[in-house]
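Coordinate analysis (summary)
The lines below spell out each chain.
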Amino acid sequence: MSNQYILVNPQIAPFVAHIQLNRPKELNALNLELMLEIKQALVELDADDSVRAIIISGNERVFAAGADIKQMAGRNAIDMLKIDQFTTWDSIRKTKKPLIAAVSGFALGGGCELVMICDMVIASDTAQFGQPEISIGVMPGAGGTQRLTRTVGKVKAMEMVLTGKFIGAQEALNYGLVNKVVPVEFYLTEAVQLAQTIAEKSPIAVQMAKESVLKAFEMPLQEALFFERKNFYMLFATEDQKEGMAAFVEKRKADFKGK
Ligand code: DAK
């Protein structure tokens, strides 16, 4: 499929793919078409055995300034219901491979929500995060009131959601919204390095570990522990488990095949 609003590099590094949001004049505003392109790219990369981790970035000025306000402005509730953007967001959320957001500049509204769907976040020191929907008469609609609150806590989430105030990279780091802050010139290379570290591991173990960590947000503890245990047992059915443990004993680097 040829994309109009994103650039996809399936091998920015070995086993690492890169999706770049590419609607710079509109500050990467997330129109429906762009979101569908992200969804489709992720479905394809998720099915591609030569990809083990996926980076999503914008450019230095902006990750994404939110959903496309101009596209949404004239819609009524029934239009929104019929368009059912949640199907697209749910599909993105269900990506099995690790998603790393590389954020520079603005990550606002749906842009911040897209960052929070990702599993890890590398931010440039220029990054700004916010849920400014309140200033245009609405509220976050793609997880902003929930994922933000679980990450930064109630009072900070309330402040961001009710005032629309942005927070900078350092504050986002302090609140656990991002993993690491680096100078702007390094934000993408840092994300690639993180992705490569993960891509060297067993892709099946990575997928099951990701799935298990996410259950911490979705299930009560006892059920989630049970889920974790099943995934742990299942990994003993893989060749990668044999290879990983043999490599440890033989004092060599493991060569994981994803089998
Ligand atoms: N939508 C459309 N166009 C946008 C945009 C946006 N979100 N953000 C910026 N642009 C456009 C501007 O209109 C301008 O276009 P022209 O006037 O040149 O044609 C161009 O990008 C450059 O923007 P500015 O001139 O404003 O640039 P500044 O540097 O002065 O300001 C800014 C940068 C990021 C602070 C400012 O552009 C801004 O405040 N943007 C809007 C931020 C915002 O309110 N974002 C939240 C949008 S609501 C859902 C899923 C998700 C969502 C909803 C539902 N479902 C699953 C149902 C999400 C909703 C939202 O994100």
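None of the values given here were measured: they were computed from a predicted structure. (Residues numbered from 1 in each chain as written. Predicted model: local features only at pLDDT ≥ 70, side-chain atom pairs only at ≥ 80, totals over all residues. Heavy atoms only, no water.)

**Overview of the sheet that holds strand β5 (residues 99-103)**
As summarised here, the arrangement of the 6 strands in space is β1-β2-β3-β5-β7-β10, forming an open sheet in which the pairing is mixed. A single partner strand is all that each edge strand has here, and the edge strands are β1 (6-13) and β10 (180-182). Averaged over all adjacent pairs, the angle separating strand axes in this sheet is 20°, with direction ignored. Across 5 bridges, the pairing between β1 and strand β2 (residues 16-21) is antiparallel. Residue pairing across strands places L7 opposite Q20, the latter belonging to β2. (Pairing = 2+ DSSP bridges. Helix = DSSP H or I, 4+ residues; strand = E, 2+ residues; numbered from the N terminus. Axes fitted to C-alpha atoms, helices over the stretch in contact; angles between N-to-C directions.)

**Describing helix α11 (residues 221-235)**
When the terminal C-alpha atoms of α11 are compared, their 21 Å separation across 15 residues agrees well with the 21 Å that a helix rising 1.5 Å per residue should span. Within the span of α11, buried status applies to A224, N231 and L235. The arc enclosing the buried residues of α11, seen along the axis, measures out at 45°, which places them on a common side. What points out from α11, more than 90 degrees from its buried face, is the exposed set Q222 and Y233. Considering only its buried residues, α11 is in contact with α10 (203-215) and α12 (239-249). (Expected span 1.5 Å × (residues − 1). Buried < 20%, exposed > 50% of the residue type's maximum accessible area, 1.4 Å probe, protein only. Arc of directions from axis to C-beta. Contact = heavy atoms within 4.5 Å.)

**Quick look at the packing of helix α4 (residues 86-93) against helix α5 (residues 110-117)**
Between α4 and α5, whose axes approach to 10 Å, the crossing angle comes to 30°. The crossing of α4 and α5 is right-handed. Counting all contacts with α4, which are made through W89, I92 and R93, the residues of α5 involved are G110, E113, L114 and I117. The residue inventory of the contact of α4 with α5, partitioned by class, reads 4 nonpolar, 1 polar and 2 charged. (Left-handed = near helix turned anticlockwise from the far one by under 90°. Nonpolar A, V, L, I, M, F, W, Y, C, P; charged D, E, K, R; others polar.)

**Regarding the sheet that holds strand β6 (residues 106-108)**
Strand order in the open sheet made by the 4 strands is β4-β6-β8-β9, with mixed pairing throughout. Two strands close off the open sheet at either side, each with one partner strand: β4 (62-64) and β9 (167-168). Of the pairings in the sheet, the one linking β6 to strand β8 (residues 128-130) comprises 3 bridges and is parallel in character. Following the sheet pairing, F106 is matched in β8 by Q128. The strands touched by α5 within the sheet are β4, β6 and β8, with β6 carrying the most contacts at an inclination of about 90°.

**Re the pattern of salt bridges**
Under the counting rule described, the total for this entry stands at 13 salt bridges. As a salt-bridge pair, E26 and R23 come within 3.8 Å of each other at their nearest N and O atoms. Put simply, D255 and K257 hold a salt bridge, and the shortest N to O gap is 2.6 Å. Overall, the relative accessible area of 51% leaves K257 in the exposed class. Three or more residues are tied together by salt bridges with common partners; here these are K156, E159, K165 and E171. (Salt bridge = Lys/Arg side-chain N within 4 Å of Asp/Glu carboxyl O.)

**Let's talk about helix α7 (residues 154-163)**
Turning to α7, its buried residues are K156, A157, M160 and V161. Buried residues of α7, seen end-on, are gathered within an arc of 120° and therefore sit on one face of the element. Facing away from the buried surface of α7 by more than 90 degrees, the exposed residues are K154, V155 and L162. Looking at the packing, one finds that the buried side of α7 touches β8, α6 (144-152), β9 and α8 (169-174). Just beyond α7, the residue with positive phi is G164, at close to 80°.

**Observations regarding the nonpolar core**
If you look at soluble globular proteins, the nonpolar side chains tend to sit buried side by side. In terms of nonpolar packing, the biggest core is built from 44 residues, with L21, I38, V103, F129 and L177 touching the most fellow members. The contact partners of V103, leaving out residues within four places of it in the chain, are F63, V115, V121, I122, A123, S124, A127, F129 and Y187. Within the second largest apolar cluster, 17 residues are counted, among which are A13, I55, I100 and V192. (Core = buried A, V, L, I, M, F, W, Y, C linked by side-chain atoms within 4.5 Å.)

**With respect to the state of the cysteines**
Here a disulfide denotes one covalent bond, and it connects the sulfur atoms of two cysteines. Here the structure, examined in full by the defined rule, presents 0 disulfides. Free cysteine C112: the closest other cysteine sulfur is in C118, separated by 11 Å. The class for C112 is buried, based on a relative accessible area of 0%. (Disulfide = S-S within 2.5 Å.)

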